[in-house]
Amino acid sequence: MAVKEVLKMGDVRLLRRAQEVTSFGTPELRALLADMHDTMRALDGAGLAAPQIGVNLRVVIFGAEKARGNPRYPDAAEVPLTALVNPVITPFSDAAEEDWEGCLSVPGLRGLVPRYARLRYRGNDGHGAPVDRTVSGFHARVVQHECDHLDGILYPMRIRDLRNFGFTEVLFPDGAQREE
Ligand code: NI
């Protein structure tokens, strides 16, 4: 379909609560998911939420395949390419772990963000088929990051100590880092 412009932090469209999808398998939803995939691939992202391309619906995609050799997240565990509509996250406990995150809407920066270590997520794929997974680690992190976009939350809002927020090339002079 098309690579779309990704909205950047400061755009009020990133701060809205996105609306539930009510119809599955429609040409519109298919086109949205295709645009999201094209955009994420073009920017080497690990995930993308519909509000980031200006569509105020509860739709996210994510995926990180080591086999693709994506230079932005060489250390990330493999996460299957997933389209998730109307997602609901249920953490298993309050246990959190901190790790570095980036975001295609906050280019060039990284922050240390606490996330639930293990969770169950449920929702539907683009055709309405149920998705129900229990995940941990990077997979759990990327789901939380993307679903936050659906509630108008960008990762800098979750950084506990803003000393752990900075420019990628300063924080990681030698390494590639992922953006979500
Ligand atoms: Ni993001």
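All figures in this text were calculated on a predicted structure; none of them were measured in a lab.

Asker: Even after reading the chapter, I still don't get the overall build of the protein, so can you show me in this structure?
Answerer: In terms of regular secondary structure, the protein is built from three helices and eight strands. When the helices and strands of the protein are read in sequence order from the N terminus, they spell out α-β-β-β-β-β-β-β-α-β-α. The C-alpha atoms of the protein give 15 Å as radius of gyration, which agrees with the globular expectation for 180 residues (16 Å, within 12%). Within the protein, buried positions represent 49% of all 180 residues. About 8,600 Å² of surface is accessible on the protein, with carbon and sulfur atoms providing 51% of the total. The distance from the centre of the 22 positive side-chain charges to the centre of the 25 negative ones in the protein is 3 Å.

Asker: Just checking my understanding: could you explain the environment of Gly10 for this structure?
Answerer: Among the secondary structure elements, Gly10 is positioned in the segment before helix H1 (27–42). In this structure Gly10 comes out as exposed when scored by relative accessible area, which is 69%. Considering only alpha carbons, one finds Gly10 and Val106, 96 residues apart in sequence, at a separation of 9.4 Å.

Asker: How should the environment of Glu98 be read in this particular structure?
Answerer: The topology assignment puts Glu98 in strand S4 (residues 96–101). Glu98 gets classed as partly exposed once you look at its relative accessible area, which sits at 37%. Distance in space between the C-alpha atoms of Glu98 and Arg118 is 13 Å, their sequence separation being 20 residues. Ignoring any residue separated from it by four or fewer positions in sequence, one finds Glu98 in contact with Leu112, Val113, Pro114, Arg141 and Arg160.

Asker: For this particular structure, what's the right way to read the sheet that holds strand S5 (residues 109–116)?
Answerer: Pairing between the strands of a sheet comes from backbone hydrogen bonds, and it takes one of two forms, parallel or antiparallel. Here we have three strands laid out as an open sheet, ordered S4-S5-S8, and antiparallel in their pairing. Of all strands in the sheet, those with a lone pairing partner are S4 and strand S8 (165–167), marking the two edges. The mean angle between the axes of side-by-side strands here comes to 25 degrees, regardless of whether they run parallel or antiparallel. As judged from the six bridges shared by S4 and S5, these two strands associate in the antiparallel manner. When the bridges of S5 are listed, Glu101 appears paired with Gly111.

Asker: Is there a simple way to explain the pattern of salt bridges in this structure?
Answerer: Close approach of charged atoms allows side chains of opposite charge to pair. Tallying each qualifying case throughout the model produces 12 salt bridges. Residue Glu98 is joined to Arg160 by a salt bridge in which the shortest nitrogen-to-oxygen separation is 3.5 Å. With Glu98 in strand S4 and Arg160 in the loop between helix H2 (137–149) and S8, this pair connects stretches of sequence that are 62 residues apart. On the accessibility criterion, Arg160 (60% relative accessible area) is exposed. Residue Asp148 is joined to Arg115 by a salt bridge in which the shortest nitrogen-to-oxygen separation is 2.8 Å. You can see Asp148 sitting in helix H2 and its partner Arg115 sitting in strand S5, a full 33 residues away along the chain. The same class applies to Asp148 as to Arg115, namely buried. Put simply, Glu101, Arg115, Arg141, Asp148 and Arg158 are held in one network by salt bridges that share partners.

Rules used in this analysis
- Residues numbered from 1 in each chain as written.
- Predicted model: local features only at pLDDT ≥ 70, side-chain atom pairs only at ≥ 80, totals over all residues.
- Heavy atoms only, no water.
- Helix = DSSP H or I, 4+ residues; strand = E, 2+ residues; numbered from the N terminus.
- Rg over C-alpha atoms; globule rule 2.2 N^0.38 Å.
- Buried < 20%, exposed > 50% of the residue type's maximum accessible area, 1.4 Å probe, protein only.
- Areas by Shrake-Rupley, 256 points an atom, 1.4 Å probe, with all protein chains shown as cover.
- Lys, Arg positive; Asp, Glu negative; His and termini not counted.
- Charge placed at Lys NZ, Arg CZ, Asp CG, Glu CD.
- Contact = heavy atoms within 4.5 Å.
- Pairing = 2+ DSSP bridges.
- Axes fitted to C-alpha atoms, helices over the stretch in contact; angles between N-to-C directions.
- Salt bridge = Lys/Arg side-chain N within 4 Å of Asp/Glu carboxyl O.

Fair warning: the whole summary comes from geometry, so function is off the table for now.
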